[in-house]
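Now for the letters of each chain:
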Amino acid sequence: ELGVTRMNSGPCSANRWDEAVTLFTSSKKPTHQSDIAHVNARAYEEAHARAMSAFPFTSVKKICCMGAGYVGGPTMAVIAANCPDIQVTVCDLSEKQIAAWQSDELPIYEPGLEEVVKATLGKNLFFSTDISKGIQEADMVFISVNTPTKVKGLGAGQASDLRWVEACARQVAKASQGHTIVVEK
């Protein structure tokens, strides 16, 4: 928490960083919260810079969401509304579900959802049954499928049945092109 707070106030000065490193590498323990905050902020900044330099994308331009249900559809509609430069494609095996999202009668009711879908549909929000194509074109894939409670086997009645998540992950592995970020939602 201290690192995030301090980091938001700007980068650490080189002198202050050297003082904090000296303090941490000496036998003395840090005595001021600001010393800890500076070290946390600098370590975070350096780790973030290393990670981003190895990251193959300058930005995400296309998102594919597997699952056009109560989670995938509304989430992607909101992403499309707030990120007009990103093309969002929601994919599902059910032609009926995809047709409903493209109609005047959405398959799901959420306050304000109809307006969001109407404002983005066909601009940067699309619905499709061609899941492989959606994955191939995407920089980022969301897996938003049903995880009902298991009815048999280990964890029956308590654990989530992840077979649909696993099937999606296998399809992403098979169809993705190059580097792809996968998000389980």
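Residues numbered from 1 in each chain as written. Predicted model: local features only at pLDDT ≥ 70, side-chain atom pairs only at ≥ 80, totals over all residues. Heavy atoms only, no water.

(A) Main features of the overall build of the chain. Of the regular secondary structure elements, the chain holds 8 helices and 5 strands. For the chain, the residues scored as buried account for 32% of the 185 residues in total. Considering only contacts in the chain between residues 6 or more positions apart, those separated by 24 or more positions represent 69%. Accessible surface, the chain: about 11700 Å² in total, of which carbon and sulfur atoms supply 54%. (Helix = DSSP H or I, 4+ residues; strand = E, 2+ residues; numbered from the N terminus. Buried < 20%, exposed > 50% of the residue type's maximum accessible area, 1.4 Å probe, protein only. Contact = heavy atoms within 4.5 Å. Areas by Shrake-Rupley, 256 points an atom, 1.4 Å probe, with all protein chains shown as cover.)

(B) Region of the structure containing the side chain of Asp92. Tracing the backbone shows Asp92 in the loop between β2 (87–91) and α5 (95–101). Lys96 is the oppositely charged side chain nearest to the buried, salt-bridge-free Asp92, at an N-O distance of 12 Å. In this structure the side chain of Asp92 is engaged in a polar contact, spanning 2.8 Å, whose partner is the backbone nitrogen of Ala68. (Lys, Arg positive; Asp, Glu negative; His and termini not counted. Salt bridge = Lys/Arg side-chain N within 4 Å of Asp/Glu carboxyl O. Polar contact = N/O pair within 3.5 Å; in protein donor to acceptor, adjacent residues only side chain to side chain.)

(C) Inspection of helix α6 (residues 113–120) at higher detail. Within α6, the full set of buried residues consists of Leu113, Val117 and Thr120. One side of α6 holds all its buried residues, which, seen down the axis, span an arc of 80°. Exposed and oriented more than 90 degrees from the buried face of α6 are Glu115 and Lys118. In this structure, the buried residues of α6 make contact with α4 (72–82), α5 and β3 (125–128). (Arc of directions from axis to C-beta.)

(D) View of the pairing of β2. Most of β2 is tucked away, with 4 of its 5 residues classed as buried. Relative to β2, strand β1 (residues 62–66) is paired through 5 bridges, and the arrangement is parallel. Counted as the bridge partner of Cys64 is Thr89 from β2. On the question of chirality, the crossover connecting β1 to the parallel β2 by way of α4 is right-handed. (Pairing = 2+ DSSP bridges. Right-handed = clockwise from strand over helix to strand, strands pointing away.)

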